[in-house]
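A structural walkthrough
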Amino acid sequence: MAVEPAFRKYIVVVLGSSQSGVSEFIKRVSELPPQTMPDPNPSDTLKPLDYGRLSVDAGNIIYLYGLSEESPLSAWTFLFDREDPVGVVTLVDSTRPASFSIDKALINNVDDDIPFVIAANKRDCANAWELDAIRVALNIDRQIPVIGCSARTGAGVRHVILTLFDRLITPDYNVEDEGYDYTDFAT
Ligand SMILES: Nc1nc2c(ncn2[C@@H]2O[C@H](COP(=O)(O)OP(=O)(O)OP(=O)(O)O)[C@@H](O)[C@H]2O)c(=O)[nH]1
Ligand SMILES: [Mg+2]
């Protein structure tokens, strides 16, 4: 009988304010057809959780889950109290500065030791804020990548996840060592 190759599982939580593009981002980056998972505690949530999967390579699989400010505490606990390594993408709507304070609150909810990147979404829109301006407005530490993407066109979405993955597999990751300018918008 063939032996299944061993693989390592990672959890990536995609956090975002309402309408920032969480569902579309997960749909775009996932290799599965769009799906939602059963609610861990159906009594207290309004929406099902978005769910997706991305195989980085034969040995590493990322499971993606969407959370928003409307997600109940039970969903947060369900995702963060796991044995698998967990990383977070906060998806910012680059066209909607009115939601930046919510983004900031979501960011502050994440423990400092959790690998983390910011994805500035909706870069395809003419009124999207510049990445540097988003970094300043949200007061994002230099160590945290701010990466442009468009969940609509798909530009940058895989780069967001792979940048986070580098941090997941390298816990003492130091941006200074890499020499990569995270303000670049990878397409
Ligand atoms: N132009 C553009 N529109 C986008 C992009 N990403 C999402 N949208 C649009 O923004 C709206 C919200 O996208 P969703 O993916 O539903 O956002 P969400 O964060 O899941 O929203 P809720 O779950 O309802 O809070 C939809 O109309 C999307 O088509 C993008 O990169 N560019
Ligand atoms: Mg959604």
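What counts, and where the lines are drawn
Residues numbered from 1 in each chain as written. Chains lettered and ligands numbered in written order. Predicted model: local features only at pLDDT ≥ 70, side-chain atom pairs only at ≥ 80, totals over all residues. Helix = DSSP H or I, 4+ residues; strand = E, 2+ residues; numbered from the N terminus. Buried ≥ 20, exposed ≤ 12 C-beta atoms within 10 Å, placed from the backbone. Contact = placed C-beta atoms within 7 Å. Near = placed C-beta within 6 Å. Nonpolar A, V, L, I, M, F, W, Y, C, P; charged D, E, K, R; others polar. Pairing = 2+ DSSP bridges. Axes fitted to C-alpha atoms, helices over the stretch in contact; angles between N-to-C directions. Parallel < 35°, antiparallel > 145°, perpendicular 65-115°, else oblique. Expected span 1.5 Å × (residues − 1). Core = buried A, V, L, I, M, F, W, Y, C linked by C-beta atoms within 7 Å. pLDDT = per-residue confidence, 0-100.

Looking only at helices and strands, one finds six helices and seven strands in the chain. Residues counted as buried form 39% of the 187 residues belonging to the chain. Taking contacts inside the chain between residues at least 6 apart in sequence as the whole, the part at least 24 apart equals 73%.

Moving on, we come to the site of ligand 1. Close contacts around ligand 1 come from 16 residues, with Gly21, Val22, Ser23, Glu24 and Arg152 the closest. When its residues are assigned to classes, the shell around ligand 1 shows three nonpolar, nine polar and four charged.

Here strand β3 (residues 49-57) pairs with strand β4 (residues 60-68) via six bridges, running antiparallel. Paired with Arg53 across the two strands is Tyr63, which belongs to β4. Following β3, the chain reverses through two residues before pairing antiparallel with β4.

Below, the discussion takes up the packing of helix α1 (residues 22-29) against helix α5 (residues 157-169). Following both chains from N to C, one finds α1 and α5 inclined at 85 degrees, their axes separated by 9 Å at the closest point. Between α1 and α5, the angle falls in the class roughly perpendicular. Each of Phe25, Arg28 and Val29 in α1 lies in contact with α5, whose residues at this interface are Val157, Arg158 and Ile161. Here the residues of the contact of α1 with α5 are counted per class, giving four nonpolar, no polar and two charged.

With that settled, the discussion passes to α5. In this model α5 runs 19 Å from its N-terminal to its C-terminal C-alpha over 13 residues, within 8% of the 18 Å that 1.5 Å per residue would give. Taken residue by residue, α5 has Val157, His159, Val160, Ile161, Thr163, Leu164, Phe165, Arg167 and Leu168 as its buried positions.

Across nine bridges, the pairing between strand β1 (residues 8-16) and β4 is parallel. Note on β4: the bridge partner recorded for Leu15 is Leu67.

By size, the foremost hydrophobic cluster in this structure holds 43 residues, and its most contacted members are Val12, Val13, Val14, Leu64, Val89, Ala119 and Val160. Other than its neighbours up to four places away in sequence, Leu64 contacts Val12, Val14, Ile26, Val29, Ser30, Tyr51, Gly52, Arg53 and Leu54.

Before going further, it helps to spend a moment on the confidence of the model for the chain. Residues with a pLDDT of 70 or more make up 80% of the chain, whose mean pLDDT is 84. Here residues 178-187 is modelled with pLDDT under 50, and outside its nearest four sequence neighbours on either side it reaches 14 contacts, counting other chains as well.

Among the structural elements, Leu49 can be located in strand β3. Exposure remark for Leu49: the 22 C-beta atoms within 10 Å place this residue in the buried category. Between the alpha carbons of Leu49 and Gly66 there is a distance of 5.9 Å; along the sequence they are 17 residues apart.

Before going further, it helps to examine the environment of Arg8. Looking at where Arg8 falls in the secondary structure, it is placed in strand β1. By C-beta crowding, Arg8 is classed as partly exposed, having 13 other C-beta atoms within 10 Å. Those residues in contact with Arg8, other than ones at most four positions away along the chain, are Gly59 and Asn60.

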